[in-house]
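Residue-level structure breakdown
In case you want the letters, here they are:
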Amino acid sequence: MTLSRRGFFGRTAASAGSMLVPATPVVPAAPADSHAAGAARAPGEVTVVLRLNGKTTRLTVDPRVTLLDLLRERLRLTGTKKGCDRGQCGACTVHVDGRRVLACLTLAAAAHDRTVTTIEGMSDGDRLHPVQRAFIDCDGLQCGFCTPGQVMSAAALLREGRPRTDEGIREAMSGNICRCGAYPNIVDAIKKVAR
Ligand code: FES
Ligand code: FES
């Protein structure tokens, strides 16, 4: 069977294994976490409570752990990507209290008592966020590695009512690198949602 690229991404976005939209967030319940409140705390660890993708998650963490490593390694929310791990590519972009932040440069402890949204929390069940839908419709991705970060940045800047011109959008999205060069289609996707 031949499947177009757009068809492929549309299909994978709706499936559980999609990089864009895992069907259900994989957030372990707090009591199942070996470091959850009530469990023995190693010396120096701190308690962090996150409102993560709509669920309250309580953990004890090493204060040196980044939000990115907490999400990916501990909570298995691997939709947020680790690219450079030094604040230069935007692949790790998530929302903290509605603002986009680089999870690789943010300590997990600094997100205590805040609302954190990752790409897994953007869709409403099987219903994609408008930015996710527009990325698929406009072919705003190729390999898809940068896409979760691009979607999170785009959603935040649209919510902020940021620039609507091509130049303004490029400037506002300049922290998100796409090695595949999908930039023109990403701009189209953002303009589509802005309209
Ligand atoms: Fe965070 Fe590259 S992984 S900016
Ligand atoms: Fe491949 Fe952006 S789609 S890096």
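The model shown is predicted, which means the values in this text are computed figures rather than measured ones.

So, about the pattern of salt bridges. A full pass over the atoms with the stated rule returns nine salt bridges. With its nearest N and O atoms 3.7 Å apart, the salt bridge here joins arginine 127 to aspartate 124. For arginine 127, a relative accessible area of 60% gives the class exposed. With its nearest N and O atoms 3.2 Å apart, the salt bridge here joins aspartate 137 to lysine 192. On the criterion of sequence distance, the pair formed by aspartate 137 in helix H3 (residues 130-137) and lysine 192 in helix H6 (residues 183-194) is long-range, its members being 55 residues apart. When salt bridges that share partners are traced, they join Asp69, Lys82 and Asp85 into one network.

This part takes up H3. Quick reminder: α-helices carry 3.6 residues per turn. Residues three or four places apart thus point the same way. By the burial criterion, the buried members of H3 are Val131, Gln132, Ala134, Phe135 and Ile136. Residue aspartate 139 follows H3 closely and has a positive phi angle near 55 degrees.

This paragraph deals with unusual backbone geometry. Positioned with a positive phi, asparagine 53 is a non-glycine residue whose angle comes to about 50 degrees. Structurally, the position occupied by asparagine 53 is in the loop between strand E1 (46-52) and strand E2 (55-61). Judged by its relative accessible area of 15%, asparagine 53 is buried. In this structure, arginine 76 is a non-glycine residue whose phi angle is positive, near 60 degrees. One can find arginine 76 in the loop between helix H2 (67-74) and strand E3 (93-96).

Moving on, we get to the nonpolar core. Among the nonpolar cores identified, the biggest contains 22 residues, and Val131, Phe135, Ala154, Met173, Ile186 and Ile190 are the most heavily contacted of them. At the level of secondary structure, the elements contributing two or more residues to this core comprise H3, helix H4 (147-159), helix H5 (166-172) and H6. By residue number, the principal contributor to this core is H4, which donates six residues. Those residues in contact with methionine 173 that lie beyond four places of it in its chain are Arg100, Gln150, Ser153, Ala154, Leu157, Ile186 and Ile190. One finds Val94, Val96, Ala103 and Ala108 within the second-largest nonpolar core, a separate group that totals 19 residues.

The next point concerns the packing of H3 against H6. Contact geometry for H3 and H6: axes closest at 8 Å, N-to-C directions at 135 degrees. Judged by the inter-axis angle, H3 sits oblique to H6. Taken as a pair, H3 and H6 cross one another with a handedness that is right-handed. Where H3 abuts H6, its residues Pro130, Val131, Ala134, Phe135 and Asp137 lie against Ile186, Ala189, Lys192 and Val193.

Attention now moves to the side chain of arginine 72. With respect to the helices and strands, arginine 72 occurs in helix H2. With residues near it in sequence (within four places) discarded, arginine 72 still touches Leu77, Thr78, Thr80, Lys81 and Lys82.

On to H2, then. Regarding H2, the residues found buried are Leu67, Leu68, Leu70, Leu71 and Arg72. On its buried side, H2 packs onto E1, E2 and E3. Positive phi shows up at arginine 76, right after H2, with a value of about 60 degrees.

The next point concerns the confidence of the model for the chain. In this model, the chain carries a mean pLDDT of 84, and residues with pLDDT of at least 70 account for 79%. Between residues 5-39, whose pLDDT stays under 50, and residues either more than four places distant or in other chains, the model counts 62 contacts.

Here we come to the environment of leucine 75. Mapped onto the secondary structure, leucine 75 falls in the loop between H2 and E3. By relative accessible area, leucine 75 is classed as buried at 1%. On a C-alpha basis, the gap between leucine 75 and threonine 57 in space is 9.8 Å, while along the polypeptide they are 18 residues apart.

Reading the values: rules and limits
Residues numbered from 1 in each chain as written. Chains lettered and ligands numbered in written order. Predicted model: local features only at pLDDT ≥ 70, side-chain atom pairs only at ≥ 80, totals over all residues. Heavy atoms only, no water. Salt bridge = Lys/Arg side-chain N within 4 Å of Asp/Glu carboxyl O. Buried < 20%, exposed > 50% of the residue type's maximum accessible area, 1.4 Å probe, protein only. Helix = DSSP H or I, 4+ residues; strand = E, 2+ residues; numbered from the N terminus. Core = buried A, V, L, I, M, F, W, Y, C linked by side-chain atoms within 4.5 Å. Contact = heavy atoms within 4.5 Å. Axes fitted to C-alpha atoms, helices over the stretch in contact; angles between N-to-C directions. Parallel < 35°, antiparallel > 145°, perpendicular 65-115°, else oblique. Left-handed = near helix turned anticlockwise from the far one by under 90°. pLDDT = per-residue confidence, 0-100.

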